[in-house]
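# Structural description and commentary
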Amino acid sequence: MGEFRERVFEGFRGDEVVELASKLIKIPSVNPPGDTSEIAAFVKDYLEEEGVAVELCEPAEKKVNLIAEIGERGSDRVLVLNGHLDVVPIGDRSRWSFDPFSGEVRDGYLLGRGASDMKGGLAGIIYAFKRLIKFEDQLRGRLKLVCVADEETGGTYGASYLVEKGKALGSSVLIAEPTGMNLINVGEKGAVWAKIVVKGVPGHGSLSPFIGDNAIVKSTNLIRELMRITEMRAELPRDLIDVAEYSRNLLGSLVSREASKAIDHPTINFGIIRGGTKVNIIPDRCELEIDVRVPIGLSAAEVTSRIREVVEKYGEVEFVNVGEPNYTPPNSEIVKVVEKNVKEIVGVDPKPFLEWASSDARHFRRANIPTIHYGPAEMEGIHGYNERVKVEDLIKAAKVYLGVAIDYLT
Ligand SMILES: [Zn+2]
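Rules and cut-offs
- Residues numbered from 1 in each chain as written.
- Predicted model: local features only at pLDDT ≥ 70, side-chain atom pairs only at ≥ 80, totals over all residues.
- Heavy atoms only, no water.
- Phe/Tyr/Trp six-rings, centres within 6.5 Å; stacked < 30°, edge-to-face > 60°.
- Buried < 20%, exposed > 50% of the residue type's maximum accessible area, 1.4 Å probe, protein only.
- Lys NZ or Arg CZ within 6 Å of the ring centre and 35° of its normal.
- Pairing = 2+ DSSP bridges.
- Helix = DSSP H or I, 4+ residues; strand = E, 2+ residues; numbered from the N terminus.
- Axes fitted to C-alpha atoms, helices over the stretch in contact; angles between N-to-C directions.
- Contact = heavy atoms within 4.5 Å.
- Salt bridge = Lys/Arg side-chain N within 4 Å of Asp/Glu carboxyl O.

Turning our eyes to something else, we now look at the packing of aromatic side chains. Taken as a whole, this structure holds 6 aromatic pairs when the rule is applied. Centroid distance Trp96 to Phe98: 5.6 Å. Interplanar angle 80°. Geometry classified as edge-to-face. We note that Trp96, like Phe98, is buried. One aromatic cluster is present, built from ring pairs that chain together Phe9, Phe12 and Tyr127. A cation over an aromatic ring shows up here: Arg77 above the ring of Tyr408, its NZ or CZ 4.0 Å from the ring centre. Above the ring of Tyr46, the side-chain terminus of Lys130 is found at 3.7 Å from the ring centroid.

All right, on to the sheet that holds strand S10 (residues 267-275) then. Pairing is antiparallel across the open sheet formed by 4 strands, whose spatial order is S10-S11-S9-S12. The outermost strands of the open sheet, each flanked by one partner alone, are S10 and strand S12 (315-323). Pairwise comparison of adjacent strand axes, ignoring direction, gives a mean angle of 15° for this sheet. Across 8 bridges, the pairing between S10 and strand S11 (residues 285-294) is antiparallel. When the bridges of S11 are listed, Arg274 appears paired with Glu287. Across the face of the sheet, helix H8 (residues 300-311) comes into contact with strand S9 (190-199), S11 and S12 while running at roughly 165° to S12.

To continue, consider the pattern of salt bridges. Applying the stated criterion across every chain, the model contains 31 salt bridges. For Lys351, the salt bridge goes to Asp349, with nearest N and O atoms at 3.9 Å. By relative accessible area, which is 33% here, Lys351 ends up partly exposed. Among the ionic contacts, a cluster of salt bridges with common partners joins Arg5, Lys340, Glu344 and Asp407.

Now the structure itself:
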């Protein structure tokens, strides 16, 4: 096996990984609108050069996903390498100090929208997959490459669709989302998004608050009560106690001590509020939109019933998005295989951690597939300005993906 690994690694070319990532950045696949037809066609051509069959799948117009598969036919040992083809919008162009779609390499960094999230990691898994095509006879099991659309807007026409249709199933999933070289993401919070309508009784503003029932004033009380949702405490599963402790410290050092509470408490964001018609009319309606994140150890149902309880006194609530928190046990095979390869190739001992935002991992975990994230990252520019990634990390990550595939499938 050592010999096989050596042979596969012999032809590994770091500059090819960088060139591929650069080409992916040059194809804007900004979401919204999330048109991935051009980038998917590019990846299809890139892989078909090596003689592998590639399937494109378009569940909604221009939301194009790509699937390719090699290895032992019929085996149920399947490693899925997954990444998303879409990126978030660039925002205010004048705040970038370089062209977000140049894909240029400067001072050891690859620059552009998606460099970290996640065309860098994506290039790594595509390259690792391509390297193994000519060795596919020697794989014990199958290697599946799944490049998806729609991640940045929830995955309905990407990972969620493919998992549901049985097109992206496997025995383990490695997602090349940005974590940084020394972290493995093993779990994430759930999300509850709700629209609330508070109703009041209108009247002449000149007699307020002695008449009527002001929906805006009522909403301020509602907000104060809903804020207490952050006091709900999660009962962590035993196998996550150390991982959660590590994650709190990590978030504490990355953001602030206060922010580290987000690991084991719900968070709540009042994102939108709309109310009132005119300054001298007592408003009879106020609408609020909230984004609550559910920690592992609490269920989305516990959180929605708490919200319902509070809102009942003021108005009505409609839940527009409900997702459970989810995780992969840190002693799973895929975690161990990634750890081993990161130690060997990157030379650091990576730590499993819990993420506060959500990703496509939830769609795979819902199908009971152990799923992790590992990928190159420079956190600052992600979803912001001047996104970039270290070329050196990009290459190391691609080597890790290749090593993981070899270990998992031999
Ligand atoms: Zn991402």
